[in-house]
Structures are given as structure tokens and as C-alpha cells.
Amino acid sequence: MTTTTTGAEVELAIGGMTCASCAARVEKKLNRMDGVTATVNYATEKAKVSYGGDVSVQDLIATVEATGYTAREPAPVPTRTGSGDDTAGTDDELRPLRERLVTAVALAIPVVAMAMVPALQFEYWQWLSLTLAAPVVTYAGWPFHKAAFTNARHGAATMDTLISVGTSAAFLWSLWALFLGTAGTPGMTHPFELTVARGDGAGNIYLEAAAGVTAFVLAGRYFEARSKRKAGAALQALLELGAKDVTVLRSDGSEQTVPAAELTVGDRFLVRPGEKIATDGTVVEGSSAVDASLLTGESVPVEVGVGDAVTGATINAGGRLVIEATRVGADTRLARMAKLVEDAQNGKAAAQRLADRISAVFVPIVIALALGTLGFWLGNGAGLTAAFTAAVAVLIIACPCALGLATPTALLVGTGRGAQLGILIKGPEVLESTRTVDTIVLDKTGTVTTGRMTLLAVHAADGTDEGEVLRLAGALEHASEHPIARAVADGALEKLGSLPTPEDFANLPGLGVQGIVDGHAVLVGRERLIADWAIALPEDLVRARTEAEAAGRTAITVAWDGEARAVLEIADAVKETSAEAITRLRALGLRPMLLTGDNRAVAESVAREVGIAPEDVVAEVLPQDKVDVVKRLQSEGHSVAMVGDGVNDAAALAQADLGLAMGTGTDAAIEAGDLTLVRGDLRAAADAIRLARRTLGTIRSNLFWAFAYNVAALPLAAAGLLNPMIAGAAMAFSSVFVVANSLRLRTFTSAH
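In the annotation of an unreviewed UniProt entry, the entry for the chain reads Cation-transporting P-type ATPase B, and the organism field reads Streptomyces aurantiogriseus. Per UniProt, the comment on the chain under Sequence similarities (unreviewed entry) is "Belongs to the cation transport ATPase (P-type) (TC 3.A.3) family. Type IB subfamily."

Structure follows, in C-alpha cells:
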């Protein structure tokens with residue numbers, strides 16, 4: 001795709017980015033090109049670019065490469081994979097970073113131990129330290145040095161610059177002290193003398209600082225990269241929802257099972273009860289109830305017959321269907337939803353790492369201070385060695401070990417505590433969003449409600465026993481696979497414990513069921529079924545049916561022996577904890593909204609029950625409309641959190657500033673979300689936001705103290721008074737403080 005195109009769009013895979021500021025730099029360079037509009041996402045490592053005029057894709061790639069990064073057009077996403085190759089690819093990409101981390105940790109531990117424990121300092125310990133630290137600083141720390149060089153070429157400073165300059169200064173100074181100074185003398189030790197005195201630094205080595213900082217920061221980068229690689233898993237989970245195989249009906253009347261990917265438009269295929277529909281199509285034979293809740297969020301199964309359109313990945317809940325394929329591959333509704341998720345992920349602004357923002361200011365100041373220190377002491381005749389010692393000391397003390405611990409330790413303790421409470425936090429960038437969120441959009445089906453049809457009430461006619469209604473209707477419905485029938489049967493079993501077996505049973509598609517139970521001729525279904533048998537509903541049952549339907553519930557009539565006996569109310573029941581959860585979300589300063597594909601009567605009934613205002617209810621929306629609702633709220637200046645559990649929520653979860661996926665839902669929703677609520681209890685959403693805000697606050701305080709201790713020691717370093725033990729104590733104390741501060745997160749408790 002190298003030709004010039006007017007008003008074209010392309011997606012580029014960007015390589016070599018190490019932080020959010022890298023993404024910002026690439027985006028800025030691309031947007032400076034004539035006719036180019038670009039959005040670069042650090043999380044997905046992709047650039048979505050609109051371009052025109054004389055600009056070609058090769059020009060875009062050249063601009064990215066000139067900025068110091070790599071760019072290519074990503075390989076097309078397969079329509080269906082079941083082999084797990086994607087995971088293997090992710091492991092391959094992470095392997096170099098994992099190997100560097102293992103090397104750094106294995107070699108840095110003895111280096112730090114020897115420097116901190118005088119008893120371990122044998123006669124030639126400093127030379128063993130050098131042997132172990134050299135691979136850590138050079139091989140394991142190479143990504144930092146490479147990124148620092150790239151940033152320097154473009155006049156930028158990030159966390160990588162600080163790590164590279166600090167570790168390099170510590171390592172190079174240690175080399176000078178060992179080979180040209182007195183540090184290489186046999187029997188040299190680092191005693192614990194916290195005295196302030198000017199020295200020439202010839203006997204001081206800082207190998208433990210160089211190796212320790214490299215290992216700590218690498219650990220943080222590895223765990224961040226591992227969580228970041230999961231960004232594309234939402235697409236994979238969506239694509240995996242489709243049927244793997246399909247039974248195609250050939251022209252000679254034979255049946256042939258083929259992979260679903262081989263279906264073509266016009267093929268007729270068979271879908272048996274309980275099977276997934278392989279692709280979008282039109283029913284040409286049979287009738288059934290189709291459970292589309294996974295895709296649309298509608299809690300009531302849809303009755304379909306000849307001529308009705310059906311969607312791929314929905315489930316045939318009732319009879320045998322023959323369907324003619326009308327859309328396959330990338331044209332299907334499922335594939336278009338996958339594209340929605342990808343677009344939402346690409347457009348989502350990645351939270352810029354706080355450490356990078358601080359580094360952008362801190363690094364130039366430290367380097368300027370180091371150069372100023374060198375010039376000052378040279379100008380005052382202190383001698384080259386003393387002046388250089390003071391300048392390097394400034395660089396060394398400016399690179400705190402605690403900075404490498406600040407984010408990983410808080411995240412480790414916070415996510416560990418969250419996991420104990422059923423809350424999974426995907427990564428540090430997620431936490432930034434929780435601070436600003438002011439609106440929380442809730443999916444209805446499976447989030448606020450249970451997501452399954454439930455028998456809510458039995459309205460028996462005068463003189464009719466409720467238990468008898470459940471016994472006869474439940475026995476007949478127990479023989480049916482229809483989701484509404486299952487709700488009646490399960491409700492009856494829960495109340496009675498056991499049900500009789502029907503002597504005769506017939507399923508009437510679109511109407512209900514009829515049969516003989518204990519000698520009674522029983523009808524259960526729509527009012528039309530009763531009317532077909534010339535049975536009229538008494539006034540009290542008509543009133544019960546009208547009220548149920550006004551509340552958005554499904555009303556089922558029951559008759560036996562020629563008389564209407566009861567009306568059953570079936571609906572997707574509200575979870576017991578949802579109303580309490582809404583109250584807690586309001587207490588966090590959030591405005592709750594209900595968003596659903598169900599009809600307005602159902603939505604407003606649920607909203608009333610849990611305490612959501614009618615004006616905050618958005619009903620009868622398609623999956624792409626859910627994304628539009630989130631975008632509209634964002635365009636109005638709101639920071640939006642979204643809670644959902646279905647495939648139909650995946651794109652909206654990805655689009656929202658903060659996506660909370662119910663762990664009881666689909667893989668696609670879980671992968672698209674930033675936080676996963678394992679329990680499926682909406683109260684966990686309030687706990688998740690509280691915990692995320694607390695963890696973010698801990699990271700911020702950690703970063704402050706990580707810098708503060710070392711900034712306090714900078715004047716000593718600039719004055720040439722930095723004793724190595726003061727440097728070691730500052731680093732050790734700030735690290736201990738950061739770890740202790742992070743451990744406070746273990747005391748976080750759920751509000752219920």
C-alpha cells in the first residue's frame with residue numbers, strides 16, 4: 001500500500017516505544033505532516049492515521065523512523081483462530097525483556113548484599129561485584145540506554161534518560177575508582193560511617209546502585225509490558241465467540257460439516273437446538289427462540305421464523321433451523337463489533353506515566369546541576385578529581401532506587417489486595433482514570449440484573465392454589481428448552497422440590513406448550529394460545545397481565561381443564577445488591593446511568609428499583625449506539641466509567657475512560673475492560689474505584705518521597721560532601737519507606 005491516496009486511512013504498528021511520552025512524540029511528528037491526522041496509542045502500540053494529498057504510507061513510515069521508532073502496516077487479524085498462536089507470539093515478544101530481567105535479578109542480588117552487609121566483604125569482593133554488575137548495567141540495562149540515546153537525539157528526557165545517566169555514571173565512576181583510584185585495593189570495605197566530609201571519591205564504588213536500580217526498573221517494565229500485551233486479546237475473545245464448525249446442506253440434500261470460515265454467501269446451513277448460529281443469515285426453514293443476549297443485551301429470547309434475520313454467534317434455544325448465509329467473514333455483525341472494539345482502543349488516550357512527566361523536568365535540571373557543580377569546583381581550584389567526584393555524585397544521588405520501586409510495589413500490593421476482594425486491576429495506566437471519573441454507565445442485563453429469566457410472581461385466580469399452578473405449569477415447562485420455560489420450571493422446582501412427569505407434551509412455536517399432567521389438560525403460554533381454545537381470562541388476571549407488561553415483564557398465562565387459572569410474571573431479576581451499589585457509587589461522587597438494549601419499559605422499571613433517575617436511562621440501543629452514548633458523554637466534558645458483562649458492551653468498555661468488566665460475563669468484555677470484578681456483584685465496582693484511587697494515591701506519595709530523599713541530598717553532593725554511606729542510607733531509607741507505604745494497601749477493606 002504505497003500509492004498516494006486521497007482521504008485514506010491506515011493503521012501502523014509502532015515499535016520501540018517505552019513510555020507514553022514516546023507515543024506523544026510520534027503523534028506530534030505525524031500531525032506536523034501536511035494533510036495528516038494521527039492518534040498514537042501506547043497501550044496497543046498502534047497509530048491510526050488519516051492522510052491525503054501527496055502523502056503516502058511510506059512517507060508516514062519514514063517520518064516515524066526519523067523520530068527514532070519503527071513502523072509497519074500490521075498483519076490482518078484472522079477471522080477465526082483456535083490454535084492459541086496469538087499467545088505464543090506474545091510470549092516471543094516478551095522473551096527478550098524476561099531474559100534481561102532474570103539476568104538482572106540473579107546478578108544484582110549478591111552485588112547489593114555485598115555492598116550493604118560488611119560481613120560479606122571479603123578480600124576481593126569489589127572485583128566480584130564488578131564481574132556481576134557489568135552484565136546487569138550493559139546487557140540487562142541496554143533498553144534504557146538505547147531509549148535514552150534516542151530521546152537525546154530528539155532533545156527529550158524521560159525516565160529512561162534518568163535511569164541510563166544515573167546507572168552509567170555510577171558504573172563508570174566505579175570503574176575509575178577500581179582501576180585508577182584506591183577502591184581496587186585488596187581488603188577495601190564500605191564501613192557504615194555516616195559522616196559528612198569532602199573526599200576525592202577514589203575509594204568509593206556504586207555498583208550496587210547501578211545494578212539494583214536496573215533490576216528494579218526492569219521488573220516494573222516487564223510486568224507493565226505483560227499487561228499491555230493483553231490489549232488485543234479483546235479482539236481475539238470476540239472472534240472466538242463464533243461457531244467453529246457448521247453443518248452445510250448441499251444441493252443433493254446431504255449434510256457436510258465444514259469449518260465456519262469456509263462458509264460463503266448463499267450457503268444453507270443447519271442449526272440444531274443449543275448450537276450457535278455460524279454467521280449472519282435469514283431463516284428459510286423452521287422456527288425457534290434465539291438467545292441474542294450475548295450480542296444485544298436483550299434479556300428476552302427472540303422468536304424467529306421463516307424470513308427473519310438472525311445474527312452469527314447467537315444461540316438457537318429451541319427448534320431446528322435452516323439458515324441461508326447473507327454475510328460472512330469481516331462483513332458479519334460480530335466482525336464489525338470487533339472493529340468497534342479496536343477503534344475504541346486506538347482512540348483511547350493512554351494515561352501518561354507520572355514518573356515520565358517528572359523526569360522531563362527533573363533530568364535536565366540534574367544534568368545542568370552536575371555540569372554547574374563541575375564548573376564551580378574547577379573554577380575554585382579544587383582540582384579535576386574533586387570537581388569530577390562532586391559532579392558524578394550529583395548524578396548518582398539523583399537516580400534513586402526507590403523510583404524503581406514506587407510504582408511496582410504499590411501496584412503489586414494494591415492488585416494483590418484487589419484479587420483477594422475479587423477485583424483485578426490490569427496495569428498502572430488504569431489508575432489515572434479513576435481519579436477523574438464523574439459518570440458511571442451501567443449495562444442492565446447481567447450487571448444490574450442477574451442476566452437470566454426468573455419467575456418473579458404467580459397471580460392465581462380466585463379459588464386456585466398457587467402451589468397447584470406451579471406443579472402443573474412447572475411439570476409441563478420442564479419438558480421444554482425455551483429460556484422462559486426454564487424460568488418457570490426452575491421457579492417451580494425451587495418452591496416444590498420435585499415435579500410430576502407429563503403424560504403428553506407438545507411444543508407450539510411462538511405460542512407456548514400444551515400437554516397432560518396428572519390427568520389435567522394443561523396450557524402454558526401466550527394469551528393467544530388460551531384464546532385459541534376459547535378460554536377467556538377473568539378480570540383479575542387481565543389486570544395482573546396488564547400491570548406486568550406495563551412494568552416491562554413477560555406475562556405467561558396458565559389454564560387447565562378449560563379454565564384460565566393464573567398469570568406468571570417472568571423477567572430478568574434485579575440483583576439484590578444493585579440498589580446498595582448505586583448508593584455507594586453516588587457517595588464516590590459518580591452519576592449512575594443505565595444503558596441497555598432492552599425496551600424502555602423494562603429499563604425504567606429496573607432503574608426505579610435500584611434508584612436511578614428516569615432521565616439517566618438510555619434504552620433500546622445497539623452495541624454501536626452504546627459506544628456513541630459514551631462518546632457523547634465524553635464530548636460533553638464527562639470522564640466516563642462503564643460497567644458491563646456482554647460482547648455488546650466490549651466496544652463501550654474499551655471506549656470509556658475506565659472500563660469495569662463483570663467477571664461473570666464474556667471473555668470479550670473482560671479483555672476490553674480495565675478492571676475486572678470477579679464476583680459479578682455491582683458493589684465491587686464501588687470497591688474497585690476506591691481501591692484504584694487509593695493505589696494511585698500511594699504511587700503518587702511513593703514517587704514524591706523517592707524524589708524527595710534524593711533531592712534533599714543533592715546539595716551535599718554538589719558541595720562535594722557526599723559520603724558513600726549517606727548516599728546508601730538515603731537510597732535504603734527511601735526504598736524502605738516506599739515499600740512500607742505500599743504495604744498499607746493491605747489494610748484496604750470492602751465496604752460490605
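Examining the confidence of the model for the chain
Summarising the model, the chain shows a mean pLDDT of 80, and 82% of its residues fall at 70 or more. The low-confidence segment residues 77-90 (pLDDT under 50) makes 15 contacts with residues lying over four places distant or belonging to another chain. Scored below 50 in pLDDT, residues 348-352 shows 15 contacts in the model against residues more than four places distant or in partner chains.

Thoughts on the sheet that holds strand 7 (residues 268-271)
Ordered by their spatial adjacency, 6 strands build an open sheet running 6-5-7-13-8-11, and the pairing between neighbours is antiparallel. Edge positions in the sheet fall to strand 6 (255-259) and strand 11 (309-310), since each has one partner strand and no second. Strand direction decides the pairing type here: strand 8 (residues 280-285) and strand 11, joined by 2 bridges, are antiparallel. Directly across from Gly-281, in strand 11, lies its bridge partner Val-310.

Some thoughts on the environment of Gly-414
Mapped onto the fold, Gly-414 is located in helix 13 (residues 401-420). Its relative accessible area of 0% is what places Gly-414 among the buried residues. Residues Gly-414 and Arg-694, spaced 280 residues apart in sequence, show a C-alpha to C-alpha distance of 8.3 Å. Other than its neighbours up to four places away in sequence, Gly-414 contacts Leu-691, Thr-695 and Leu-745.

Description of the pattern of salt bridges
Scanning the entire structure with this criterion turns up 22 salt bridges. As a salt-bridge pair, Arg-327 and Asp-280 come within 3.3 Å of each other at their nearest N and O atoms. Pair noted here: Arg-327 is in strand 13 (residues 321-327) and Asp-280 is in strand 8, with a separation of 47 residues, a long-range link. Given a relative accessible area of 2%, Asp-280 falls into the buried group. Between Arg-486 and Asp-490 there is a salt bridge whose closest N-O contact spans 3.9 Å. Highlighted residues: Arg-486 and Asp-490, both in helix 17 (residues 483-496), separated by 4 residues, approximately one helical turn.

Concerning the side chain of Thr-577
With respect to the helices and strands, the residue Thr-577 is situated in the loop between strand 21 (563-574) and helix 20 (578-587). With residues near it in sequence (within four places) discarded, Thr-577 still touches Asp-681, Leu-682 and Arg-683.

Rules used in this analysis
Residues numbered from 1 in each chain as written. Predicted model: local features only at pLDDT ≥ 70, side-chain atom pairs only at ≥ 80, totals over all residues. Heavy atoms only, no water. UniProt positions renumbered as here; feature names shortened; annotations may be inferred. pLDDT = per-residue confidence, 0-100. Contact = heavy atoms within 4.5 Å. Pairing = 2+ DSSP bridges. Helix = DSSP H or I, 4+ residues; strand = E, 2+ residues; numbered from the N terminus. Buried < 20%, exposed > 50% of the residue type's maximum accessible area, 1.4 Å probe, protein only. Salt bridge = Lys/Arg side-chain N within 4 Å of Asp/Glu carboxyl O.

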